[in-house]
Amino acid sequence: MAMLKNMLKDRRANPRKVKSDFFDYVLEELDRGDSILTEAIALDLMFVLLFASFETTSLAITVAVKLLRDNPRALQELTEEHENILRNRENKESGLTWKEYKSMTFTFQIINETVRLANIVPGVFRKALRDIKFKDYTIPAGWAVMVCPPAIHLNPDNYKDPLEFNPWRWEKGASKNFMGFGGGMRFCVGTDFTKVQMAVFLHCLVTKYRWRTVRGGGEIVRTPGLQFPNGFHVEISERQTE
Ligand code: HEM
């Protein structure tokens, strides 16, 4: 927040002629006389968006690469799916199309399984608007409730061998217990965007590059957010065309 505050001060003192990023647009909105934004709200918004959009997808992609490194069979099937897409492409000059994206069945299984295991958001918050009866308990009106998705994602009653990376468990489609992107009214607005980003990343990774892990790393800690304290280092080289 201190960094964002300094940025805000700096940009106000030296306004840019051409707006270059989202923060510039937020500042423009802030300076409009009739805006509902205050400086505090604008800073909160920037903070939340940085966390919600950048930290989440980059972590999910890192976890996916780590899980694929540890599961050669899954990596093999993923690579085959994407090589097939290239093989069946009519116009070889074309980039990835929407139709191809929608055909990535196994990729979506990898993404769901990664998000289930990654549990990037350890808790979502709600407020009881009226007394809620749950089993023998009553949650009184006005109380805050923290819903804990990892408790659901790692429960063996919901997912057999829950700690195992098993993308094939999604073969039958979505699972009603899955809440990696939250649920209800505050469902993550970035869900589909995340899936596109992850799928395009994986497509490029397995079709254009070869990679291997170097220098160890890859240990995960939860504090309670997911982190890689020693990073996760990979060496990437361009794939030779066969
Ligand atoms: C792996 C990636 C992501 C995960 C696991 C994730 C997860 C979540 C979760 C659990 C929530 C809370 C929902 C609730 O309270 O029920 C949420 C909300 C939100 N997410 Fe994401 N998210 C991801 C990516 C993104 C991206 C890429 C964006 C933006 C481009 C984004 C924007 C938001 C916003 C704005 C909200 C608040 C929605 C609201 O309160 O109405 N998220 N996300």
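Just above, that's the structure.
Conventions and cut-offs
- Residues numbered from 1 in each chain as written.
- Predicted model: local features only at pLDDT ≥ 70, side-chain atom pairs only at ≥ 80, totals over all residues.
- Heavy atoms only, no water.
- Near = heavy atom within 4 Å.
- Polar contact = N/O pair within 3.5 Å; in protein donor to acceptor, adjacent residues only side chain to side chain.
- Helix = DSSP H or I, 4+ residues; strand = E, 2+ residues; numbered from the N terminus.
- Axes fitted to C-alpha atoms, helices over the stretch in contact; angles between N-to-C directions.
- Parallel < 35°, antiparallel > 145°, perpendicular 65-115°, else oblique.
- Left-handed = near helix turned anticlockwise from the far one by under 90°.
- Contact = heavy atoms within 4.5 Å.
- Nonpolar A, V, L, I, M, F, W, Y, C, P; charged D, E, K, R; others polar.
- Core = buried A, V, L, I, M, F, W, Y, C linked by side-chain atoms within 4.5 Å.
- Buried < 20%, exposed > 50% of the residue type's maximum accessible area, 1.4 Å probe, protein only.
- Donors = N, O, S within 2.8 Å, 3.2 Å for Na, K, Ca; no water.
- Salt bridge = Lys/Arg side-chain N within 4 Å of Asp/Glu carboxyl O.

(A) Examining the site of the ligand more closely. The local shell around the ligand holds 17 residues, among which Ala-52, Arg-126, Arg-186, Cys-188 and Thr-194 are the closest. Within the side chain of Arg-186, a nitrogen or oxygen atom sits 2.8 Å from an oxygen atom of the ligand. For the shell around the ligand, the elements supplying multiple residues, two or more each, are helix H3 (39–70), strand S1 (124–127) and helix H8 (191–208). In terms of residues, the shell around the ligand owes the most to one element, H3, which gives four residues.

(B) Highlighting the packing of helix H1 (residues 2–13) against H3. Between H1 and H3, whose axes approach to 10 Å, the crossing angle comes to 120 degrees. Our classification of the angle between H1 and H3 gives oblique. The handedness of the crossing between H1 and H3 is right-handed. Along the contact surface, H1 presents Leu-4, Lys-5, Leu-8 and Arg-12, while H3 presents Glu-39, Leu-43, Met-46, Phe-47 and Leu-50. Split into classes, the residues belonging to the contact of H1 with H3 amount to six nonpolar, no polar and three charged.

(C) Looking closely at the nonpolar core. Residues Leu-68, Ala-74, Leu-78 and Ile-110 are the most contacted members of the largest nonpolar core, which totals 35 residues. Secondary structure elements with two or more residues in this core: H3, helix H4 (72–87), helix H6 (105–118) and H8. Broken down by element, the residue count for this core peaks at eight residues, all from H3. Those residues in contact with Ala-74 that lie beyond four places of it in its chain are Leu-68, Phe-106, Ile-110, Phe-165, Pro-167 and Trp-168. Counting residues in each nonpolar core, the second largest holds 10 residues, with Val-26, Leu-27, Leu-30 and Ala-42 among its members.

(D) Highlighting the coordination of the iron atom of the ligand. There is one protein donor for the iron atom of the ligand, namely Cys-188 (SG), at 2.3 Å. Inspection of the secondary structure puts Cys-188 in the loop between helix H7 (149–153) and H8.

(E) Region of interest: the packing of H6 against H8. One way to put it is that H6 packs onto H8 with a least axis distance of 10 Å and a crossing angle of 120 degrees. Here H6 is positioned oblique relative to H8, judged by the angle of their axes. Seen from above, H6 lies across H8 with right-handed handedness. Contact residues: H6 offers Thr-107, Ile-110, Ile-111, Asn-112 and Thr-114, while H8 offers Lys-195, Met-198, Ala-199 and Leu-202. Split by residue class, the contact of H6 with H8 holds five nonpolar, three polar and one charged.

(F) A look at the pattern of salt bridges. Under the criterion given, the structure shown has 15 salt bridges. When the shortest N-O distance is used, the salt bridge between Arg-212 and Glu-235 registers 3.3 Å. Pair noted here: Arg-212 is in strand S5 (residues 209–217) and Glu-235 is in strand S8 (residues 232–238), with a separation of 23 residues, a long-range link. The exposure class of Arg-212 is partly exposed, given its relative accessible area of 48%. Overlapping salt bridges, with partners in common, bring together Arg-11, Arg-16, Asp-21 and Asp-24 in one network.

(G) Structural context of the side chain of Thr-57. Along the chain, the position of Thr-57 falls in helix H3. Apart from the residues lying within four places of it in its own chain, the contact partners of Thr-57 are Thr-194 and Gln-197.

(H) Focus on unusual backbone geometry. In this structure, the amide linkage connecting Thr-223 to the following residue, Pro-224, adopts the cis form with an omega of -10 degrees. Along the chain, Pro-224 falls in the loop between strand S6 (221–222) and strand S7 (226–227). In this structure, Asn-119 is a non-glycine residue whose phi angle is positive, near 45 degrees. In this structure, Asn-119 sits in the loop between H6 and S1. Residue classification places Asn-119 among the buried positions, given a relative accessible area of 5%.

Interpretation note: all reported values are geometric properties and have no functional meaning in isolation.
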